[in-house]
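Descriptive analysis of the structure
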Amino acid sequence: MENNLISLGLENVVVAQTDLSLVDGQNGLLVYRNHWASDLALNHTFEEVAHLLWYGHLPNAEEAKALHDKLAAQRELPAFVKAALDAIPADTDMMSALRTGVSLLGTEDFAAWPPTLEQVIALTAKVPTLVAYRYARLEGREPLAPRADLGHTANYLYMLKGQEPQAAHVRALDAYLILTQEHGLNASTFAGRVVASTRSDLISSVTAAIGALKGPLHGGAPSEVTEMIEAIGTKENAEPWLRAKLEAGERLMGFGHRVYRTYDPRAKALSTIATGLAGDDPWFALAVHVEEVGLRLLKEFKPNRPLNTNVEFYAAAVMRAIGLPDELFTPSFAVSRTVGWCAHILEAAQGKIIRPQSTYTGIMPE
Ligand SMILES: CC(C)(COP(=O)(O)OP(=O)(O)OC[C@H]1O[C@@H](n2cnc3c(N)ncnc32)[C@H](O)[C@@H]1OP(=O)(O)O)[C@@H](O)C(=O)NCCC(=O)NCCS
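Residues numbered from 1 in each chain as written. Predicted model: local features only at pLDDT ≥ 70, side-chain atom pairs only at ≥ 80, totals over all residues. Heavy atoms only, no water.

The protein is annotated in an unreviewed UniProt entry as Citrate synthase of Tumebacillus avium. Looking at the protein in UniProt, the text filed under Pathway (unreviewed entry) is "Carbohydrate metabolism; tricarboxylic acid cycle." (UniProt positions renumbered as here; feature names shortened; annotations may be inferred.)

The following block contains the structure:
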């Protein structure tokens, strides 16, 4: 069969209806249900926004406490998962270890179809523990048991750092995690929905999503942003370095987006938070300069494609300001996006199997 309607990368193709979020790329707006994501990031907690996405409304105090308690009760990892994480070679990257850890959770607790909110809560509670467990081991520290008295973000930072986190750091990380909980049909969410559309299970769907998030064109970019800024090193070197990359046909990490044709609203919110945290840190001043030069050069090199700063650029700055190393950037993105993946999987569970077509460009048999 001949099909001439090809959209490479599914650009501009609408494949689902969702009540979860609106990503308005022309105007740089992001809505989670009936709320601006940037307002949620400033005025609510991780758990409250997860409640909004999963249950359809922001919780009252009683509902918020109930969700906190359910998440807190599910944070511990089964012993066999810890043993399996310990068996993964130390040079395996964090995202691969996380993908394997999540996949191991796919026992009978998570087998029922369609997935339930109980499954979603149990998985979301365990993802930060998986990341922190693996990270502590790599650092040669004994992993800390999760603390039920702390909120989702505070407990995550506590397990990562091995000490009580500063309130300002918890607030900043909470804002980042809220701003990245949900974002329409990005590649990882789409991957999760494809698997869910086959009536597979929650864990298989989220494992697929983690595999997609790992890629540097999606969630793997923030650590590449810090590498870029470190390679540039000085303000004077920014223009020649960035120009050389663009002349070589390479991409500048932390810029460009499939949907946004204007400044990514998440980057705007994170830039304000990073400015408050980083103050006059010379690394941050260099990052701001790199952004200015990068935007100017992208206009010069790609005049027909509006390329702006994306969420990854200032995500890197926020993470760095709260003292999280590069290898934790993408796993922390997975901690937050698990909320959106699960919300989409719940939504897609009753839908039609996703099965597009390809055009055969090979040779026909004689
Ligand atoms: C996010 C991204 C994958 C979206 O890509 P896309 O919508 O598929 O856009 P395309 O790959 O079709 O690129 C369109 C044009 O813009 C250019 N472009 C896109 N992003 C660019 C970037 N960051 N630096 C330089 N050029 C870029 C492409 O080279 C292409 O140019 P051409 O038409 O002359 O070949 C892309 O912008 C990118 O690779 N950014 C860098 C990685 C990153 O920061 N990812 C995090 C996303 S939140």
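Picking up where we left off.
All told, the structure shown has 19 salt bridges when counted by the stated rule. When the shortest N-O distance is used, the salt bridge between arginine 296 and glutamate 239 registers 2.9 Å. Taken together, the residues span a long stretch of sequence, with arginine 296 in helix 14 (residues 282-301) and glutamate 239 in helix 12 (residues 235-247) at a distance of 57 residues. Between arginine 266 and aspartate 264 there is a salt bridge, and its shortest N-O distance comes to 2.7 Å. Connected through salt bridges with shared partners, the residues Glu239, Arg243, Arg296 and Glu300 form a single ionic network. (Salt bridge = Lys/Arg side-chain N within 4 Å of Asp/Glu carboxyl O. Helix = DSSP H or I, 4+ residues; strand = E, 2+ residues; numbered from the N terminus.)

A separate point is the sheet that holds strand 1 (residues 21-24). Pairing is antiparallel across the open sheet formed by 3 strands, whose spatial order is 1-2-3. Of all strands in the sheet, those bounded by a partner on one side alone are strand 1 and strand 3 (35-36). By the bridge criterion, 4 bridges tie strand 1 to strand 2 (residues 29-32) in an arrangement that is antiparallel. When the sheet's bridge partners are listed, serine 21 is paired in strand 2 with tyrosine 32. (Pairing = 2+ DSSP bridges.)

As a further point, take the UniProt feature "active site" (unreviewed entry) in the protein. As recorded in UniProt, the feature "active site" (unreviewed entry) lies at His257 and Glu312. In three dimensions, the annotated residues from a span of 56 residues occupy one location, with a maximal C-alpha spread of 10.4 Å. Assignment of secondary structure puts histidine 257 in the loop between helix 12 and helix 13 (265-278). Given the relative accessible area of 23%, histidine 257 is considered partly exposed. If sequence neighbours within four positions are ignored, histidine 257 has contacts with His183, Asp264, Arg266 and Arg305. From its side chain, histidine 257 meets the backbone nitrogen of valine 259 in a polar contact 2.9 Å long. In this fold, glutamate 312 is placed in helix 15 (residues 311-321). For glutamate 312, a relative accessible area of 5% translates into the label buried. Leaving out residues up to four positions away in the same chain, glutamate 312 has contacts with His218, Gly219, Ala221, Pro222, Val225, Gly254 and Phe333. (Buried < 20%, exposed > 50% of the residue type's maximum accessible area, 1.4 Å probe, protein only. Contact = heavy atoms within 4.5 Å. Polar contact = N/O pair within 3.5 Å; in protein donor to acceptor, adjacent residues only side chain to side chain.)

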